[in-house]
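# Descriptive structure summary
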Amino acid sequence: MTSTLQPVTPTEAVKRPGRWLALSVLVLAVLLVAVDATVLGLATPYISEDLAPTGTQLLWIGDVYSFVIAGLLVSMGSLGDRIGRKRILLIGATAFGAVSVLNAYATSPELLILARALLGVAGATLMPATLALIRNIFHDARERSLAIGIWGATASAGTAVGPIAGGFLLEHFWWGSVFLINLPVMAVLVLVGSKLLPESRNPAPGPWDLPSVLLSLVGMIGVVYAVKEAATHGFTWATLAAGALGAAALYGFVRRQLTLPVPLLDMRLFRKRGFGAAVLADLLTILGMSGLVFFLSQYLQLVQGRRPFEAGLAELPAAIGAVAAGLVAGAAARRFSVRSVVAGGLAAVGLALASLTFLDQSTGYPLLGAALLVVGVGAGFSFTVTADVILASVPKEQAGSASAVSETAYELGAALGIAVLGSIVTGVYRGFPSPAGTPEGAHESLGGAVEAAHGLPADTAGALLDAARESFVDGLALAAGVGAAVLLATAAAAWFLLKGQRLESSGHGH
């Protein structure tokens, strides 16, 4: 490890003035990307009403943002290492603001899909650049752990703030307002960031390899698309072809990285046990959690009848837990051990998910709130420490590529989680016995059943909604059980794979 790093220069050893203020700028960028990923869920009914997209178009409006982010993260992380991370962050932030306006005023489903895709391109520049800049601003290992904790806590908070802010805006303004909240934040980020952030890049970057960029984009989008399609419509030839194309492109990407003199992503990083284990833990954790969180907001609104703002508030304990745990995770990992904090966090999430297998339509909020709090605390501990392990295990020059790998694991886990656990919920849901004369759409989704019930006589509508809700809750409980199993297995794997892994406790570098 030591051989790859230059000795610490005296200027690096000095703690940079204004570094915490610089961190607050980076945290703004993360907050926005996280809010944007979740805020759309609440706006979907309003967009459906206004732009009348088809079912497939609606799926694309929801998914294309995370598809593009997942496909471009590694390339953008590597581009930042080459042209300068501050530069790519400021360009990305400006583009993010401009494209948000296009999203807010989109007049057709096609235009909205295009605008969401462009927002994904801008979003992909922000995430890896923020983590890589933290690696370069904070040279003291303990300070860096705290900074990463704050960074991670903000990302978790963003996913909870999204529904609350979105719910508030949707109750007062039109759906486009959920995109316009990006503008003032981006303006602050660009103005303050251009003054405060130091520029950093890889001193010997090599060329940016375009075939690698295309292979990673085609590979990620192909695989994620195939998983989502298979979950929604079962296995078709088109789905299998997309999956095969994606897998082949990713295989080609890995082969190409191993032969290039200066690869876009250094595959040798995965030989470091800590790096590989941390990335895998992130992927499986998000897989186990995301599907559940995605369906929980439907449960709160459509089964328990809460308003959007109230449903957003109900999910708040998860964010509070994640923020609190994120801030102390680094210290906990130094005091006990990396593996006990990560494995313990994952096991806690697994047990909380297991408790949700007892859900029924009238489950009281105390059980839900407590389970969400535990999920937040466990995830906060695990994610913060794995991010620290990933960043600490690479030379500073490759910080952008390494952060991009952990972000990609996160995006891929989210897509797979919603697809895999989603297909369990949908599969169980579709089998419910419906009264005669029920429209076909009622079996597609719980939202479809609620819609269908409006046009039926009162007693038929009541019977339909009861059967649909009961079936949805059965599906949710089964998905929670599968998620719990995934997380407990990941906790056990992390305990073995992270054995002997430590966070640096000394001041400067390695």
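Rules used throughout
Residues take numbers from 1 onward in each chain, read along the sequence in its written order. Local features are withheld for residues below a pLDDT of 70 in this predicted model, meaning they are given only at 70 or higher, and side-chain atom pairs are given and counted only at 80 or more; totals for whole chains, interfaces and linings count all residues. Note that the side-chain values use all heavy atoms of the structure and ignore hydrogens as well as water. Strands here are runs of E lasting at least two residues and helices are runs of H or I lasting at least four, both read from the DSSP assignment and numbered beginning at the N terminus. Each radius of gyration is computed over the set of C-alpha atoms, and the globule rule expresses the reference value as 2.2 Å times the number of residues to the power 0.38. Partly exposed describes any residue whose relative accessible area lies between the buried limit of under 20% and the exposed limit of over 50%, with all areas from a 1.4 Å probe on protein chains only and scaled to the type maximum. Contact criterion: two residues are considered in contact whenever any of their non-hydrogen atoms come within 4.5 Å of each other. Two residue types count as positive, namely Lys and Arg, and two as negative, namely Asp and Glu; His and chain ends fall outside the count. By convention, charge coordinates are those of NZ in Lys, CZ in Arg, CG in Asp, or CD in Glu. Take the buried residues of types Ala, Val, Leu, Ile, Met, Phe, Trp, Tyr and Cys, join any two whose side-chain atoms come within 4.5 Å, and each joined set is a nonpolar core. An arc is given here, and it is the one of the directions from the helix axis to the C-beta atoms. For Phe, Tyr and Trp, where Trp contributes only its six-membered ring, two rings pair if their centres lie within 6.5 Å, and the inter-plane angle classes them as stacked under 30 degrees, edge-to-face over 60, or tilted in between. As a reminder, the over-ring test applies to NZ of lysine and CZ of arginine, requiring each to be within 6 Å of the ring centre and within 35 degrees of the ring normal. Inter-axis angles, ranging from 0 to 180 degrees, are taken between N-to-C directions of lines fitted to C-alpha atoms, where helices are fitted over the stretch in contact. An angle below 35 degrees is read as roughly parallel, one above 145 as roughly antiparallel, one from 65 to 115 as roughly perpendicular, and any other as oblique. For a crossing to be left-handed, the near helix must be turned anticlockwise from the far one by less than a right angle; the clockwise case is right-handed. Any residue that is not Ala, Val, Leu, Ile, Met, Phe, Trp, Tyr, Cys, Pro, Asp, Glu, Lys or Arg is counted as polar, Gly included; the first ten are nonpolar and the last four charged. The rule for a salt bridge is simple: a side-chain nitrogen of Lys or Arg has to be within 4 Å of a carboxyl oxygen of Asp or Glu. A residue's pLDDT is the confidence the predictor assigns to it, expressed on a 0 to 100 scale. Here the expected span of a helix is defined as 1.5 Å times the quantity of residues minus one. Surface patches are defined over residues having more than 30% relative accessible area and no salt bridge, joining like charges when they lie within 9 Å and nonpolar side chains (Val, Leu, Ile, Met, Phe, Trp, Tyr) when within 5 Å. Note on areas: Shrake-Rupley, 1.4 Å probe, and residue coverage restricted to the protein chains presented here.

## Here we look at the overall build of the protein
Along the protein, the regular secondary structure elements total 18 helices and zero strands. The globule rule puts the C-alpha radius of gyration for 510 residues at 24 Å, and the 22 Å found for the protein is close to it. Principal-axis analysis of the C-alpha atoms gives the protein an extent of 80 × 45 × 45 Å. Counting over 510 residues, the protein shows a buried share of 56%. A sequence separation of at least 24 residues applies to 84% of the contacts in the protein between residues at least 6 apart. Once the 30 positive and 30 negative side-chain charges of the protein are each reduced to a mean point, those two points are 18 Å apart.

## Quick notes on the nonpolar core
Ranked by size, the top nonpolar core spans 83 residues in total, and within it Phe275, Tyr299, Val338, Val385 and Phe472 carry the most contacts. Other than its neighbours up to four places away in sequence, Val385 contacts Ala329, Ala333, Val338, Val341, Val342 and Leu503. Core analysis: the next-biggest nonpolar cluster, separate from the first, contains 62 residues, Met76, Val99, Ala104 and Leu197 among them.

## Things to note about helix 17 (residues 446-454)
If you check which residues of helix 17 are buried, you get Leu446, Gly448, Ala449, Ala452 and Ala453. For helix 17, the arc enclosing every buried residue in end-on projection is 150°, short of the 170-degree limit, so these residues lie on one face. Facing away from the buried side of helix 17 by more than 90 degrees, the exposed set consists of Glu451 and His454.

## Topic: the packing of aromatic side chains
For the coordinates displayed, the defined rule picks out two aromatic pairs. Summarising the aromatic geometry, the rings of Trp20 and Phe138 are spaced 4.7 Å apart at their centres and angled 55° between planes, so their arrangement reads as tilted. Of this pair, Trp20 sits in helix 2 (residues 19-51) while Phe138 sits in the loop between helix 5 (109-137) and helix 6 (141-172); the two residues are 118 residues apart in sequence, bridging distant segments of the chain. By relative accessible area, which is 1% here, Phe138 ends up buried. Relative to Phe275, the ring of Phe270 lies with its centre 5.2 Å away and its plane at 80°, an arrangement referred to as edge-to-face. Given the relative accessible area of 35%, Phe270 is considered partly exposed. Against the face of Trp495 rests Arg339, its NZ or CZ located 3.7 Å from the ring centre.

## Looking at the environment of Gly123
Relative to the elements of secondary structure, Gly123 occurs in helix 5. Separated by 34 residues in sequence, Gly123 and Leu89 place their C-alpha atoms 9.5 Å apart.

## Thoughts on the packing of helix 4 (residues 85-104) against helix 5
Axis separation between helix 4 and helix 5 bottoms out at 8 Å; the angle between their running directions is 155°. It follows from the interaxial angle that helix 4 and helix 5 lie roughly antiparallel. In terms of crossing hand, the pair formed by helix 4 and helix 5 is left-handed. Grouping the amino acids of the contact of helix 4 with helix 5 by side-chain chemistry returns 17 nonpolar, seven polar and three charged.

## As for the pattern of salt bridges
According to the stated counting rule, one finds one salt bridge in the structure shown. Note that Glu143 is salt-bridged to Arg19, the shortest N-O span being 2.8 Å. Of this pair, Glu143 sits in helix 6 while Arg19 sits in helix 2; the two residues are 124 residues apart in sequence, bridging distant segments of the chain. Judged by relative accessible area, Glu143 falls into the buried class, the value being 14%.

## Thoughts on the confidence of the model for the protein
Low pLDDT means the predicted coordinates in that region are not meant to be read closely. In the predicted model, the protein carries a mean pLDDT of 79, and 91% of its residues have values of at least 70. The spread of mean pLDDT over the elements of the protein runs between helix 1 (residues 10-13), the lowest at 44, and helix 14 (residues 338-355), the highest at 90. The model gives residues 1-13 a pLDDT under 50, and that stretch makes 16 contacts with residues more than four places away or in other chains.

## Considerations on helix 10 (residues 237-259)
End to end, helix 10 covers 33 Å across 23 residues, agreeing with the expected 33 Å (1.5 Å per residue, within 8%). Every buried residue of helix 10 is accounted for by Thr239, Ala242, Gly243, Gly246, Ala249, Phe253 and Gln257.

## Some details on the side chain of Thr490
The residue Thr490 is located in helix 18 (residues 458-497) in this model. Accessibility expressed as a relative area gives 4% for Thr490, which makes it buried.

## So, a nonpolar patch on the surface
A contiguous nonpolar patch, built from Val101, Tyr105, Phe168, Phe173, Trp174 and Leu183 and spanning about 570 Å² of accessible area, is present on the exposed surface. Owing to a relative accessible area of 32%, Leu183 belongs among the partly exposed residues under this scheme.

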